[in-house]
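What follows is the residue order along each chain.
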Amino acid sequence: MSTGIVLSQLQILKKNSKHAFAVLVDPDKIAPNKMELFAKQCNEAKVDFIFFGGSLVLNHEIGLCINIFKQNSNIPVLLFPGSPAQVTPEADALLYLSLLSGRNAELLIGQHVVSAPMVRSSGLEILSTGYLVIDGGVPTTVSYISHAQPIPANKADIALCTAWAGEMQGKHLIYMDAGSGAQTPISTEMIEKVSNNITIPLIVGGGIRTPKKVHDNCIAGANVIVVGNALETDMGLLQELCAATKF
Ligand code: 1GP
């Protein structure tokens, strides 16, 4: 089932205090006929990972989009599914998200149980991920859909204890997300507090729009920086945002 290639790449980043750049693709925002160009742009910018999915996806052609992407790029594709319906074997790995910051049993374990046979037989590398939604200043799709309260933005201790609980449960990764289109991205203080105190890789996303914020998050200890929205608005930012993780 799991080859472990993506996980070992992420673990090496954590071990060496290094950083990578991931682009989040909302399959509703890039039509299949634009995917080839998009893949080429990501190759050129040296993007490290592509995340596919979102809290709400209307497009039924995720597999097709991923196939086109992979025909034009060697960048690993990780599913970031808002629901089991977005799990598709064309990707390389699955961010197997458990919403640890919420108290919605469905997103902690319920949907995992129902989809277990399909996920097991998908052939995807499974990355067990403790998913923490942090308040980003505006109601985001993830907070609405999940029926779950985000962790307050100024409560780094809550984020740390939640990440610790995930680590002790055996999660491979922690993903702290202010939600797509967040007004306020996660503070460097919170990133630093969590990163300094866990031994598993840390992914950070939500509302990141500038190379400076990408760079600051890397310094604070994020191992993967995820950007979606800002690139949907201006793909011209890609090179600069990605380059801000390479130091
Ligand atoms: C959301 O972390 C991702 O789940 C990316 O957020 O779209 O705001 O960049 P943005």
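Scroll up for the structure.
Here is a short report on the structure shown in this document.

1. Side note on the site of the ligand
Alright, step 1. Near the ligand, the surroundings consist of 13 residues, among which D177, S180, G181, G207 and G228 are the closest.
Alright, step 2. Between Y175 and the ligand, the recorded distance is 2.9 Å, taken from a side-chain N or O atom to an oxygen atom.
Alright, step 3. With respect to the ligand, the side chain of D177 contributes an N or O atom lying 2.5 Å from an oxygen atom.
Alright, step 4. Burial of the ligand by the protein chains amounts to 98% of its free accessible area of 310 Å².
Alright, step 5. Residues that form the shell around the ligand fall into these classes: four nonpolar, eight polar and one charged.

2. What about the pattern of salt bridges?
Alright, step 1. Inspection of the entire model under this criterion finds seven salt bridges.
Alright, step 2. The residue D26 makes a salt bridge to K29 at a minimum N-O spacing of 3.5 Å.
Alright, step 3. On the accessibility criterion, D26 (16% relative accessible area) is buried.
Alright, step 4. Salt-bridge contacts for K212 lead to D216; the nearest nitrogen and oxygen are separated by 2.7 Å. Of the two residues, K212 and D216 are both situated in helix α8 (residues 211-220); the distance of four residues between them amounts to about one turn of the helix.
Alright, step 5. Of the residues examined, K212 reaches a relative accessible area of 58% and is grouped as exposed.

3. What about the nonpolar core?
Across soluble globular proteins, nonpolar side chains have a tendency to be buried as a group.
Alright, step 1. Counting 61 residues, the largest nonpolar core has F21, V47, I50, F52 and M176 as the members making the most contacts within it.
Alright, step 2. Those residues within four positions of V47 in sequence are excluded, and the remaining contacts are F21, V23, C42, I75, L238 and C242.
Alright, step 3. L24, L78, L99 and V226 belong to the second largest nonpolar core, which has 26 residues in total.

4. Here we look at α8
Alright, step 1. Among all positions of α8, only K213, V214, N217, C218 and A220 are buried. With its buried residues spanning 160 degrees around the axis, α8 presents them on a single face. Exposed and facing more than 90 degrees away from the buried side of α8 are K212 and I219.
Alright, step 2. A positive phi of about 115 degrees marks G221, the residue just after α8.

5. Describing the environment of G207
Alright, step 1. By the element assignment, G207 lies in the loop between β7 (202-205) and α8.
Alright, step 2. Under the relative-accessibility criterion, G207 is labelled buried at 13%.
Alright, step 3. Residues G207 and L24, spaced 183 residues apart in sequence, show a C-alpha to C-alpha distance of 12 Å.
Alright, step 4. Apart from residues no more than four positions distant in its own chain, G207 is found in contact with G179, G181, A182 and P185.

6. Some words on a nonpolar patch on the surface
Alright, step 1. A grouping of L56, L58, Y144 and I145 is seen on the molecular surface, where their side chains present a nonpolar patch of about 460 Å² in accessible area.
Alright, step 2. By the secondary structure assignment, L56 is in the loop between β2 (49-52) and α3 (62-71).

7. Structural notes on the packing of helix α7 (residues 188-197) against α8
Alright, step 1. In contact at an axis separation of 8 Å, α7 and α8 are set at 30 degrees when each is read in the N-to-C sense. Taken together, the axis directions place α7 and α8 in an arrangement best described as roughly parallel. Of the two possible hands of crossing, α7 and α8 adopt the one that is right-handed. Here α7 contributes T188, I191, E192 and S195 to the contact with α8, which in turn contributes K213, D216, N217 and A220.
Alright, step 2. Looking at side-chain class alone, the contact of α7 with α8 contains two nonpolar, three polar and three charged residues.

8. Quick look at the sheet that holds β7
Alright, step 1. Spatially, eight strands are ordered β1-β2-β3-β4-β5-β6-β7-β8 in a closed barrel, and the strand pairing comes out parallel. Here the strands of the sheet are splayed against their neighbours by 30 degrees on average, with no regard to which way each runs.
Alright, step 2. Direction of pairing for strand β1 (residues 20-25) relative to β2: parallel, over a ladder of four bridges. Paired with V25 across the bridge in β2 is F52.

About the criteria used
Residues numbered from 1 in each chain as written. Predicted model: local features only at pLDDT ≥ 70, side-chain atom pairs only at ≥ 80, totals over all residues. Heavy atoms only, no water. Near = heavy atom within 4 Å. Polar contact = N/O pair within 3.5 Å; in protein donor to acceptor, adjacent residues only side chain to side chain. Areas by Shrake-Rupley, 256 points an atom, 1.4 Å probe, with all protein chains shown as cover. Nonpolar A, V, L, I, M, F, W, Y, C, P; charged D, E, K, R; others polar. Salt bridge = Lys/Arg side-chain N within 4 Å of Asp/Glu carboxyl O. Buried < 20%, exposed > 50% of the residue type's maximum accessible area, 1.4 Å probe, protein only. Helix = DSSP H or I, 4+ residues; strand = E, 2+ residues; numbered from the N terminus. Core = buried A, V, L, I, M, F, W, Y, C linked by side-chain atoms within 4.5 Å. Contact = heavy atoms within 4.5 Å. Arc of directions from axis to C-beta. Patch = residues over 30% accessible without salt bridge, like charges linked within 9 Å, V, L, I, M, F, W, Y side chains within 5 Å. Axes fitted to C-alpha atoms, helices over the stretch in contact; angles between N-to-C directions. Parallel < 35°, antiparallel > 145°, perpendicular 65-115°, else oblique. Left-handed = near helix turned anticlockwise from the far one by under 90°. Pairing = 2+ DSSP bridges.

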